[in-house]
Amino acid sequence: MAGGGTRNWRLVRADTDAVPPSARRFMARARQRRMRAALPWAVGLAVLLVAGALVWVVYGTSALGVRRVQVVGAELLSQDQVREAAAVPAEQPLARVDLDEVGARVRGLPAVDRVVISRSWPSTLVVEVVERTPVAAVPARGGQFLLIDDEGVPFRAVAKQPRGLPLARLATPGPADANTGSALTVLGELSDDLREQLVAVVVASPVQIRLELRKGRVVIWGDDTKSDEKSKVATALLRQKGDEIDVSAPSVVTIR
């Protein structure tokens, strides 16, 4: 360089007026495009954060935990018995309660026929039970009586025979017992008049069934086939004299 001098460089900020209007408009539109492009991502991230927080509150904390177990339909059973069988820990997140497992535990109670488990937000578990209905009482040891339902399930022991419930004299009552099945078949076919007179149905074997009636009268039933026809014949003969009515062959009836 002439004179051996050096150049001094200095950085100078350009005034906005130095930028042409067209360039400024281009840069503004570019910023807007970047903001519009980023907005969905920002909204999505916010939604994910909120959803994650809600899931954590519902499933991971006791904020919506079990505070109450509501029992509906229990009469033979106490509500505490049902709650103990349900075995739901206090403050367990309601959303994490396994309804099927709770239902299986409650169905383990002999007196329970069916059960429905449901959630009632924010903090109640509802246990709705349908108890078994007794159709007969089976004399048992110690002077007690086992109540059986229409499936032959023994589900409760009581000290006294319930009023209005017939006796079923069975050695081994149960849903798989053939004698129990025969007794239930006969009981299901009895007329109202026979039910009113019935004291007990006695089943020594599936082919040795008899009805014990009031005043010491007996109806020899035989097996449980044609029980509907036998019921009609026996009902028609109730007004006849005689201590024993044999309807084991309903077409050939004898009275003694």
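Residues numbered from 1 in each chain as written. Predicted model: local features only at pLDDT ≥ 70, side-chain atom pairs only at ≥ 80, totals over all residues. Heavy atoms only, no water.

A. The arrangement of the overall build of the protein chain in detail. When helices and strands are counted, the protein chain shows six helices and 12 strands. Here the protein chain holds 256 residues, and 33% of them are scored as buried. Relative to all contacts within the protein chain whose residues are 6 or more apart in sequence, the contacts with residues 24 or more apart total 43%. A total of about 16500 Å² of accessible surface is found on the protein chain, and carbon and sulfur atoms cover 55% of it. (Helix = DSSP H or I, 4+ residues; strand = E, 2+ residues; numbered from the N terminus. Buried < 20%, exposed > 50% of the residue type's maximum accessible area, 1.4 Å probe, protein only. Contact = heavy atoms within 4.5 Å. Areas by Shrake-Rupley, 256 points an atom, 1.4 Å probe, with all protein chains shown as cover.)

B. Structural detail: the pattern of salt bridges. Counted by the stated rule, this structure contains 10 salt bridges. Of the charged contacts, one joins Arg210 and Glu212 as a salt bridge, the two residues approaching to 3.3 Å between their closest N and O atoms. Residue Arg210 is classed as partly exposed on the basis of its relative accessible area of 33%. On the basis of relative accessible area, Glu212 is assigned to the buried category, the value being 19%. Through salt bridges with shared partners, a single network forms among Asp113, Arg114, Arg132, Asp149 and Glu151. (Salt bridge = Lys/Arg side-chain N within 4 Å of Asp/Glu carboxyl O.)

C. A look at the packing of helix α2 (residues 79-86) against helix α3 (residues 99-107). At a minimum axis distance of 8 Å, the contact between α2 and α3 shows a crossing angle of 130 degrees. The orientation of α2 relative to α3 falls into the category oblique. Taken as a pair, α2 and α3 cross one another with a handedness that is right-handed. Contacts between α2 and α3 involve Val82, Ala85 and Ala86 from the former and Val102, Arg105 and Val106 from the latter. Here the residues of the contact of α2 with α3 are counted per class, giving five nonpolar, no polar and one charged. (Axes fitted to C-alpha atoms, helices over the stretch in contact; angles between N-to-C directions. Parallel < 35°, antiparallel > 145°, perpendicular 65-115°, else oblique. Left-handed = near helix turned anticlockwise from the far one by under 90°. Nonpolar A, V, L, I, M, F, W, Y, C, P; charged D, E, K, R; others polar.)

D. Up close: helix α4 (residues 178-189). The first and last C-alpha atoms of α4 sit 17 Å apart over 12 residues, in line with the 16 Å expected at 1.5 Å per residue. Listed as buried for α4 are Asn179, Thr180, Ser182, Ala183, Leu184, Val186 and Leu187. (Expected span 1.5 Å × (residues − 1).)

E. Structural detail: the side chain of Thr180. Mapped onto the elements of the fold, Thr180 is located in helix α4. The buried category is assigned to Thr180, whose relative accessible area is 1%.

F. Up close: the sheet that holds strand β3 (residues 124-131). Ordered by their spatial adjacency, three strands build an open sheet running β1-β3-β2, and the pairing between neighbours is mixed. Across the chains shown, the open sheet's two edge strands, defined by having one partner strand only, are β1 (68-72) and β2 (112-120). Strand-to-strand, the axes of this sheet are offset by a mean angle of 20 degrees, without reference to chain direction. In this structure, β2 lies alongside β3, joined through eight bridges in antiparallel fashion. In the sheet register, Arg114 faces β3, and the bridge partner there is Val130. With respect to the sheet, α2 is in contact with β1 and β3, its orientation differing from that of β1 by roughly 125 degrees. (Pairing = 2+ DSSP bridges.)

G. Local environment of the environment of Asp149. In this structure, Asp149 sits in the loop between β5 (145-148) and β6 (154-158). The class for Asp149 is buried, based on a relative accessible area of 2%. Separated by 35 residues in the primary sequence, Asp149 and Leu184 have C-alpha atoms spaced 9.0 Å apart. Within polar-contact distance, the side chain of Asp149 engages the backbone nitrogen of Glu151 at 3.0 Å. (Polar contact = N/O pair within 3.5 Å; in protein donor to acceptor, adjacent residues only side chain to side chain.)

H. How the structure looks around α2. Turning to α2, its buried residues number three or more, namely Val82, Ala85 and Ala86. All buried residues of α2 fall inside an arc of 100 degrees around its axis, so they share one side. Taken together, the buried residues of α2 touch β1, α3 and β3. Phi for Ala87, located one or two positions after α2, is positive at around 55 degrees. (Arc of directions from axis to C-beta.)

I. Inspection of the packing of α4 against helix α6 (residues 227-236) at higher detail. Where α4 meets α6, the closest approach of the two axes is 9 Å, and the angle between their N-to-C directions is 50 degrees. Between α4 and α6, the angle falls in the class oblique. Like other packed secondary-structure pairs, α4 and α6 cross with a definite hand, here right-handed. The segment α4 lies against α6, with Thr185, Val186 and Glu189 engaging Ser227, Asp228 and Ser231. In terms of residue class, the contact of α4 with α6 is made up of one nonpolar, three polar and two charged.

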